[in-house]
Amino acid sequence: MLYRAMELTVGTALRAVFRPKVVGADNVPASGPVILAANHVSFCDEVFSAITSGRQVFFFAKAEYFNAPGLKGAAMAALCRGLGQVPVERKDTRSAAASIDVGVDLLAEGRVLGIFPEGTRSPDGRLHKFRTGVARLALRSEAPVVPVGLIGTREVQPPGTRGWHRAPLEVHFGTPLVFAGMQERERSARVLREITETVRADVQRLSRQDYVDDFAVSAKLAG
C-alpha cells in the first residue's frame, strides 16, 4: 500500500516535473517475473527506472538501511520495506551468493527485480564490465531479462550532490532476452560470461555509453 501511495503521489510528481522520454515500456511484461538490468550512473537511476516501468520494481538495498538504531532507523527500515527494498549484505562472496537466492525467490513470486550489473555507480559516466550475477539470476529463475538504458540521470543528480536538477532524461527498455532451459549451464564460467555480455551489449546500445572492459570501483573505494 505504501508503494502504491508513493507511486500515485511522488511518482506522478516526478514524471510531471522531469518529463522523462520513455521508449519501449511495452517491452516490460505486464505480469510475471522480470529482471530489469540497467546501467548505473546516478543514485536516481533506481527511481526513474521504476516509475517508468509500469510495475513495482524490487531493488537490493544495503542491510545498514534496515539495521540503524532508534526511531529514525525504524522509520527508515519501514520506508524501505514499504517501497519494496530488499536488504542484502555486500561485504563478501557469501553475501553475493545469498542475494542471488533472494532474487530468485522474488522472481518465483512473479515480481520484477531491478539490478545494476556493474555492481556500483559508474565513477566516470562510462559503462563498465558487468558482473555475472545477472546471468545466474536469469538461468536459475528463467525470467526474461529486459535491458534498460538510462540517459541523462547523471545530469539530473551529478556525482557527489544531493539536489536534483531538471535535465533531458530518457529511459529505454529493450527487447526481453530469454535464457530458459539452460539452468544446468550455470556451472560454466564461459556461458555465464557470454550471457552477461549479451545483456551488457544491449544495455550499452540503449544507454549510448562508451564501454570500458574493467569493473567499476566506487568513489569511496577509489579514494
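Residues numbered from 1 in each chain as written. Predicted model: local features only at pLDDT ≥ 70, side-chain atom pairs only at ≥ 80, totals over all residues. Heavy atoms only, no water.

**Some points on the overall build of the protein chain**
This is how it is decided: The helix and strand labels rest on DSSP assignments: H or I over at least four residues marks a helix, E over at least two residues marks a strand, and numbering proceeds from the N terminus. Taken over C-alpha atoms, the radius of gyration is set against a globule rule of 2.2 Å times the number of residues to the power 0.38. The rule is simple: take the accessible area with a 1.4 Å probe, protein chains only, and divide by the maximum for that residue type; under 20% is buried, over 50% is exposed, in between is partly exposed. Two residues form a contact once any of their heavy atoms are found within 4.5 Å. Every accessible area reported is derived by Shrake-Rupley at a probe size of 1.4 Å, with residue values counting cover from the shown protein chains alone.
Helix and strand content of the protein chain: nine helices and nine strands. Relative to the compact-globule value of 17 Å for 223 residues, the protein chain shows a C-alpha radius of gyration of 17 Å, a close match. Buried positions account for 45% of the 223 residues belonging to the protein chain. Pairs at least 24 residues apart make up 78% of the contacts formed inside the protein chain by residues separated by at least 6 positions. With the model as given, the accessible surface of the protein chain reaches about 11,700 Å², and the carbon-plus-sulfur share is 56%.

**Overview of the packing of aromatic side chains**
Rule in force here: For this analysis, a ring pair means two rings from Phe, Tyr or Trp (six-membered ring only for Trp) whose centres lie within 6.5 Å, classed as stacked if their planes differ by under 30 degrees, edge-to-face if by over 60, and tilted for the remaining angles. Remark: a charge is flagged as sitting over a ring if the NZ atom of Lys or the CZ atom of Arg is within 6 Å of the ring centre and within 35 degrees of the ring normal.
Enumeration over the complete set of coordinates arrives at four aromatic pairs. On the numbers, 5.8 Å between centres and 70 degrees between planes, the contact of Phe18 with Trp164 is edge-to-face. Of this pair, Phe18 sits in helix 1 (residues 2-18) while Trp164 sits in the loop between helix 7 (153-156) and strand 8 (170-173); the two residues are 146 residues apart in sequence, bridging distant segments of the chain. With relative accessibility at 10%, the residue Phe18 sits in the buried group. A residue is classified by how much of its surface remains accessible, and Trp164, at 30% relative accessible area, is partly exposed. Look at Phe48 and Trp164: their rings are 5.5 Å apart centre to centre, the planes differ by 35 degrees, and that puts the pair in the tilted class. Linking Phe48 in helix 2 (residues 45-51) with Trp164 in the loop between helix 7 and strand 8, this pair joins segments that are 116 residues apart in sequence. Looking at Phe48, the relative accessible area reads 0%, which means it is buried. Across the ring face of Phe215, the terminal group of Arg131 is positioned such that the distance to the ring centre comes to 4.3 Å. Just above the ring of Tyr211 sits the side chain of Arg200; from NZ or CZ to the centre is 3.9 Å.

**Some words on the pairing of strand 2 (residues 34-38)**
Definition in use: What makes two strands pair is DSSP finding at least two bridges between them.
Buried residues dominate strand 2, accounting for five of its five residues. Covered by surrounding structure in strand 2 are Val34, Leu36 and Ala38 together with Ile35 and Ala37, the residues of both alternating faces. The sheet contact formed by strand 2 and strand 5 (residues 112-115) spans four bridges and is parallel. Pairing of Leu36 across the sheet is with Gly114, part of strand 5.

**A short note on unusual backbone geometry**
With phi around 45 degrees, Arg19 is a residue other than glycine that occupies positive phi space. Along the chain, Arg19 turns up in the loop between helix 1 and strand 1 (21-23). Here the phi dihedral of Glu142 falls at roughly 60 degrees; this positive angle occurs in a residue that is not glycine. Note that Glu142 resides in the loop between helix 6 (133-141) and strand 7 (145-151). The exposure class assigned to Glu142 is partly exposed, which follows from its relative accessible area of 36%.

**A look at the packing of helix 6 against helix 8 (residues 189-207)**
Selection criterion: Fitted lines through C-alpha atoms serve as axes, helices being fitted only where they are in contact, and the angles separating the N-to-C directions of these axes extend from 0 to 180 degrees. The cut-offs work like this: below 35 degrees is roughly parallel, past 145 is roughly antiparallel, 65 to 115 is roughly perpendicular, and the gaps in between are oblique. Classification convention: Asp, Glu, Lys, Arg as charged; Ala, Val, Leu, Ile, Met, Phe, Trp, Tyr, Cys, Pro as nonpolar; all other residues, Gly among them, as polar.
Relative orientation of the contacting elements helix 6 and helix 8 amounts to 100 degrees, with a least axis distance of 8 Å. Viewed along their axes, helix 6 and helix 8 adopt a mutual orientation that is roughly perpendicular. Within the contact between the two elements, helix 6 uses Val134, Ala135, Arg136 and Leu139 and helix 8 uses Leu192, Ile195, Thr196 and Val199. In the contact of helix 6 with helix 8, the residues fall into six nonpolar, one polar and one charged.

**Quick word on the nonpolar core**
Note the cut-off: Only buried Ala, Val, Leu, Ile, Met, Phe, Trp, Tyr and Cys residues count toward a nonpolar core, and they belong to the same one when joined by side-chain atoms within 4.5 Å.
By size, the foremost hydrophobic cluster in this structure holds 29 residues, and its most contacted members are Ile35, Ile115, Leu137, Val145, Phe179 and Val199. Of all the elements in the fold, those that place two or more residues in this core are strand 2, strand 3 (57-62), strand 4 (85-88), helix 5 (93-108), strand 5, helix 6 and helix 8. Discounting residues that sit within four places of it in the chain, Phe179 has contacts with Ala138, Leu139, Val145, Ile195, Thr198 and Val199. Val34, Ile51, Val148 and Ala167 belong to the second largest nonpolar core, which has 22 residues in total.

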